[in-house]
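# Observations on chain architecture
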Amino acid sequence: MTTTLRPEGPETPTAAGGRTRRWRILTNGHPVGTLRTTATPYGGQLWGEISELEVAEGRGRGRGTFGALAAEEVLRTWGCVRVDVKIPGSAPVARALAATLGYTERMRTMTKRLAGAPALPAGLVVRPVAADALQPWLDRGAERFARSLVASGLTEEQARAKSGGGRQNLLPQGVDTPGVVLTALYGADGGPEPYGTLWVALHLRDLPDGEPLAWVMVVEVSPAHRGRGHGRTLMLLAERECLAAGVRTLGLNVFTDNAVAVRLYESLGYRVTEHLYGKAL
């Protein structure tokens, strides 16, 4: 029995300047599954992604394993330095396969369906992020993000390439960019240092049913004020802002090794919808 990978259609360019192609998994010339390979440039590097992997016939016979390994080889020939795969939270078999093939979970996507607007603790003040404070705050956030990427298994070079400037493009008008929430949480005493800051994109994209999806881009508690529940308050504030804008689904990404944040989101009712696994090629 011979299993092979053959193109299903022509290779096409991506909007990000990369390349993508869909493939058929064949056994003795008979189609048994499909997958897609995509290469995306980040700061002079190419990162690969395997997606749409599905075995429609003969599951449990190693065809998914062959497809993944063959896809990795394609991405190597394309010059990719890493490969990522996104696995639905409801697919434990696929997660087990990824672990067997040497992939490590780096990040989780979590979402929550919002109901009523939650109350905020008393004695706190919410203010917009000042225009002159935005760029330093974004720079600090990019630095933290890069450190978290390194901790998740990336090299310093890969982390810099991945974290370089992408989020800032979502704020073309700075603090006046429509459709975003940029707020800071202060104590009632009016002290100059915020307890924490929040950035929410109120309409990152549409869900399959056409409803808008909001996204927590950054939630940060100042080091001197951690451990006092301000992270929870900022997340409750994000929910209130979404509901006020008519958005009822809120999502976020969290690094797997950030156990404190994972527990916070779980306690607030967020559920894992996707796992991001990756490895070096």
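In what follows, the structure referred to is the one given above.
Let us look at the structure shown here.

Calculation criteria
Residues numbered from 1 in each chain as written. Predicted model: local features only at pLDDT ≥ 70, side-chain atom pairs only at ≥ 80, totals over all residues. Heavy atoms only, no water. Helix = DSSP H or I, 4+ residues; strand = E, 2+ residues; numbered from the N terminus. Buried < 20%, exposed > 50% of the residue type's maximum accessible area, 1.4 Å probe, protein only. Contact = heavy atoms within 4.5 Å. Areas by Shrake-Rupley, 256 points an atom, 1.4 Å probe, with all protein chains shown as cover. Lys, Arg positive; Asp, Glu negative; His and termini not counted. Charge placed at Lys NZ, Arg CZ, Asp CG, Glu CD. Phe/Tyr/Trp six-rings, centres within 6.5 Å; stacked < 30°, edge-to-face > 60°. Lys NZ or Arg CZ within 6 Å of the ring centre and 35° of its normal. Core = buried A, V, L, I, M, F, W, Y, C linked by side-chain atoms within 4.5 Å. Salt bridge = Lys/Arg side-chain N within 4 Å of Asp/Glu carboxyl O.

Broken down by element type, the protein chain carries 6 helices and 13 strands. Each principal axis of the C-alpha distribution contributes one length, and for the protein chain these read about 75 × 40 × 30 Å. With 281 residues in all, the protein chain has 43% of them scored as buried. Sequence separation of at least 24 residues holds for 64% of the intrachain contacts in the protein chain that already meet a minimum separation of 6. Accessible surface, the protein chain as shown: approximately 14100 Å² in total, 52% of it carbon and sulfur. Averaging the coordinates of the 33 positive side-chain charges in the protein chain and doing the same for the 27 negative ones gives two points 5 Å apart.

When you line up the elements, histidine 225 lands in the loop between strand 11 (212–221) and helix 5 (230–244). Histidine 225 has contacts with Glu193, Pro194, Tyr195 and His230, leaving out every residue within four places of it along the chain.

In the structure shown here, the tally under the stated rule is 4 aromatic pairs. Considering the side-chain rings of tyrosine 42 and tryptophan 47, the 5.6 Å spacing of their centres and the 70° angle between planes classify their relative orientation as edge-to-face. Across from the ring centre of tryptophan 23, 5.5 Å away, lies the NZ or CZ of arginine 21, which sits over that ring. Over the aromatic face of tyrosine 186 sits the side chain of arginine 127, whose NZ or CZ is 4.3 Å from the ring centroid.

Turning our eyes to something else, we now look at the nonpolar core. Counting residues in each nonpolar core, the largest one holds 28 residues, and the members touching the most others are Val200, Met235, Cys242, Leu250, Leu252, Tyr265 and Tyr270. At the level of elements, strand 9 (180–187), strand 10 (196–206), strand 11, helix 5, strand 12 (249–255) and helix 6 (259–267) are the ones that each hand at least two residues to this core. Counting residues per element, this core draws most heavily on helix 5, which supplies 7 residues. Other than its neighbours up to four places away in sequence, cysteine 242 contacts Leu114, Val200, Leu202, Ala214, Val247 and Leu250. Counting 21 residues, the second-largest nonpolar core is a separate cluster that includes Val74, Trp78, Val85 and Tyr103.

Enumeration according to the criterion identifies 15 salt bridges in this entry. Between glutamate 8 and arginine 22 there is a salt bridge, with its nearest N and O atoms 2.7 Å apart. In this pair, glutamate 8 sits in the loop between strand 1 (3–7) and strand 2 (12–13) while arginine 22 sits in strand 3 (residues 19–27), placing the two residues 14 residues apart along the sequence. Take glutamate 8: its relative accessible area is 35%, and that puts it in the partly exposed class.

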